[in-house]
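# Analysis of the macromolecular model
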Amino acid sequence: MAARLEVRNASWNPPGLPTVLHPLKFTLEPGQRLVVVGPNGAGKSTLLRLVYRYLRPSSGSVLIDDTDIWNIGAPAAARTVAVVLQEQPAEFALTVAEIAALGRVPYRRGIVSGRTGDEVITDRVLRLLRLAGLRNRILSTLSGGERQRVMLARALVQEPDLLVLDEPTNHLDIRNQLEILAIVRELGVTVICSLHDLNMAADFADQLLVLHKGRMLAHGDAGEVLNTSLIERAFSVRARRRRSPDGGTSYLTFHL
Amino acid sequence: MTFVAATVVLVMSLWSALVIGVVPIPSGVVGDILLYRLGISDGRVAWSTGQEAIIWDLRLPRSILACFVGSGLAVIGASLQSVTRNPLADPHLLGISSGSALGAIVALLHVGLVWGPATVPLLSFAGALCATVIVLLTARFTSSATASGLVLIGIAVAFVLTAMSNLLIYLGEARAAHTVVFWMLGGLGLAQWQHLVYPAVVLVASGTFFWFNAGALNALTVGDETASTLGIRVVQFRYLTFAVGALLTAVLVAYSGVIGFVGLMIPHIARMFVGGNNFLIIPASALFGGIFLLWADIVARSILAPSEIPIGIVTGLVGGVFFIWLLRRRNHSWR
């Protein structure tokens, strides 16, 4: 089941410090995918952190299915919203299956792991992400692409209605980048995701949101939002739109 | 499988700890004495009262205390390492035992045994709790709720408290200082039946707490932010783990003195056997820690028999060498 996300004039500033993210609002209907783009330091991660209840908005609110996420407990929020971050466990040797199973933590009741369905769900997700053969491997022995799939698996084991992805394609080769996005697209859940590659963003997104210095510069259909003058303002680069040789899609190129 | 084997080894080690000693007592006699004292056999007494006293009043409570202390320190170490994501975290790194030592020194050198033999444990317990409160308040004061922040504060507090301890030792009487050194290096010789109940109760309670929260501990090894998206209140949970660990350390150190390296290295050994899942690491650490300290104690009281050396010397020697080996192993397995 996909969730409806509404960000209602939410803003954020660290206590006593200038505003990092100015009030902005948008609505994401169930099953839609929103991609947040913007230069480094524009506030993309801050916006995502408001959505996954890591930061409490300084003003405004974030609603999932018309409920303020700060009116439900942290475990309840974790049963609805799952997040793939760039953090990865370093020192301690957890296996692929153990990391994926962490996604059941928000569901535990009483003694340690609890519900009988937990393993079934974990197994299903591992198969879906082609990780079943790696289930007993230790994370640090995997390639970057495999690791990112493990972190996605952990999020999917949470059975989320809203998936938040913070630059999920970072450090991946082009095939792994395309694969991760293709997998997410197939899930049918509501997605909010930050990306750096604007062509990839345009292809993946139903809606695009451009941030610049903590403010929303544009928001809407990817084709309309990504015009060259806006890109030049947001990223301080020159952009050109080119039509691909086969005549179908168009793509952007960038120059200093 | 590991657990069955470890349990068998633990029982065998406990048995060895009863049989081995300055006064050799055949294991048949040990068995008879145990059965008699447990009320299982009403038997004919075929041993001396001296043998009975050695087994029942000295070696058995001492060995049980060794198990408790070893298990407890190892379990705390495992939990603190996860919650700080720092493989070097250990119950003594965080200032807890420095406070405990300070309390004991005050008792041994300055106020004397004002509350009878319980004075040293009581004051060392109080010292440990004070140190914990100082660490937690400092964490708040400097807004360092992060994993590494807590570790750094622990180290800073430990230095300050150790300096105070050293000052007291320096100013104190030389002969009394010897007692203090013996206490600070750890020893299980003071074990008595009527005191065992305190470490037992606190060990079971905190062990259950850590095991119950194994899932949260696993989540924290991924990272604070990920753990919080799994519904864990990271900062509170870290403080709580720290406080529970401090309470258990305080109780253990009060009876055994400062025994180093158990809390640091046993969890790493446990991980080699059972992997990175705290649901398995915590019980494995408890078993391995008990076994290790039983044997460390056997060595400590046999090597220079009839006198005994502080157990901390044994664990320190083994621990230091082990650590170098661990470092080598890690740098070789790393790609």
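Residues numbered from 1 in each chain as written. Chains lettered and ligands numbered in written order. Predicted model: local features only at pLDDT ≥ 70, side-chain atom pairs only at ≥ 80, totals over all residues. Heavy atoms only, no water.

### Some thoughts on a nonpolar patch on the surface
All names here are of chain B.
- A contiguous nonpolar patch, built from Val181, Leu185, Ile313, Leu317 and Val318 and spanning about 390 Å² of accessible area, is present on the exposed surface.
- Relative to the helices and strands, Val318 is located in helix 14 (residues 311-333).
- Here Val318 falls in the partly exposed class, since its relative accessible area comes to 38%. (Patch = residues over 30% accessible without salt bridge, like charges linked within 9 Å, V, L, I, M, F, W, Y side chains within 5 Å. Areas by Shrake-Rupley, 256 points an atom, 1.4 Å probe, with all protein chains shown as cover. Salt bridge = Lys/Arg side-chain N within 4 Å of Asp/Glu carboxyl O. Helix = DSSP H or I, 4+ residues; strand = E, 2+ residues; numbered from the N terminus. Buried < 20%, exposed > 50% of the residue type's maximum accessible area, 1.4 Å probe, protein only.)

### Observations concerning the interface of chain B and chain A
- Listed by partner, the interface residues are 31 residues for chain B and 30 residues for chain A.
- In this assembly, chain B packs against chain A so that about 2500 Å² is buried in total across both faces, 63% of it on carbon and sulfur atoms.
- Of all residues in chain B, Glu225(B), Thr229(B) and Leu230(B) give up the largest surface area on contact with chain A, accounting jointly for 28% of the area buried on that side.
- For the interface between chain B and chain A, the tally reads 1 salt bridge.
- As a salt-bridge pair, Glu225(B) and Arg49(A) come within 2.8 Å of each other at their nearest N and O atoms.
- Seen at the junction of chain B and chain A, the total is 6 residue pairs in polar contact (both at pLDDT 80 or more).
- Looking at the side of chain B that touches chain A, the elements with two or more residues in it are helix 3 (49-84), helix 8 (197-212), helix 9 (214-222) and helix 10 (224-229) of chain B. (Contact = heavy atoms within 4.5 Å. Buried area = accessible area lost by both parts, 1.4 Å probe. Polar contact = N/O pair within 3.5 Å; in protein donor to acceptor, adjacent residues only side chain to side chain.)

### Here we look at helix 12 (residues 262-274) of chain B
Residues and elements named next belong to chain B.
- Given a rise of 1.5 Å per residue, 13 residues ought to cover 18 Å, and the 18 Å separating the end C-alpha atoms of helix 12 matches this to within 8%.
- Along helix 12, 10 of the 13 residues are buried, which leaves the element largely enclosed by surrounding structure.
- For helix 12, the full list of buried residues reads Val262, Gly263, Leu264, Met265, Ile266, Pro267, His268, Ala270, Arg271 and Val274.
- Gly275, located one to two residues past helix 12, shows a positive phi value of around 90°. (Expected span 1.5 Å × (residues − 1).)

### Section: the sheet that holds strand 7 (residues 162-166) of chain A
Residue and element names in this part refer to chain A.
- Across the sheet, which stays open at both edges, the 6 strands sit in the order 6-7-8-3-9-10 with mixed pairing between neighbours. Edge positions in the open sheet fall to strand 6 (81-84) and strand 10 (215-221), since each of these has one partner strand only. Averaged over all adjacent pairs, the angle separating strand axes in this sheet is 15°, with direction ignored.
- As judged from the 6 bridges shared by strand 9 (residues 207-212) and strand 10, these two strands associate in the antiparallel manner. Looking at the pairing, Leu209 lines up with His219 of strand 10.
- Sheet strands in contact with helix 1 (residues 44-51) are strand 3 (33-37), strand 7, strand 8 (190-194) and strand 9, and its direction is about 155° off that of strand 7. (Pairing = 2+ DSSP bridges. Axes fitted to C-alpha atoms, helices over the stretch in contact; angles between N-to-C directions.)

### Some details on the environment of Cys67(B)
Residues and elements named next belong to chain B.
- Residue position: Cys67 is located in helix 3.
- Put simply, Cys67 and Val4 are 63 residues apart on the chain and 17 Å apart in space, counted from C-alpha to C-alpha.
- In contact with Cys67, not counting residues within four places along its chain, are Leu10, Leu14, Gly290 and Leu294.

### Here's the deal with the sheet that holds strand 2 (residues 21-28) of chain A
Residue and element names in this part refer to chain A.
- Strand order across the open sheet formed by 4 strands is 2-1-4-5, with antiparallel pairing between neighbours. Of all strands in the sheet, those bounded by a partner on one side alone are strand 2 and strand 5 (67-68).
- Examined bridge by bridge, strand 4 (residues 59-64) and strand 5 share 2 bridges and lie antiparallel to one another. When the bridges of strand 5 are listed, Ile64 appears paired with Thr67.
- Helix 1 contacts strand 1 (5-12), strand 2 and strand 4 of the sheet and is inclined by roughly 125° relative to strand 1.

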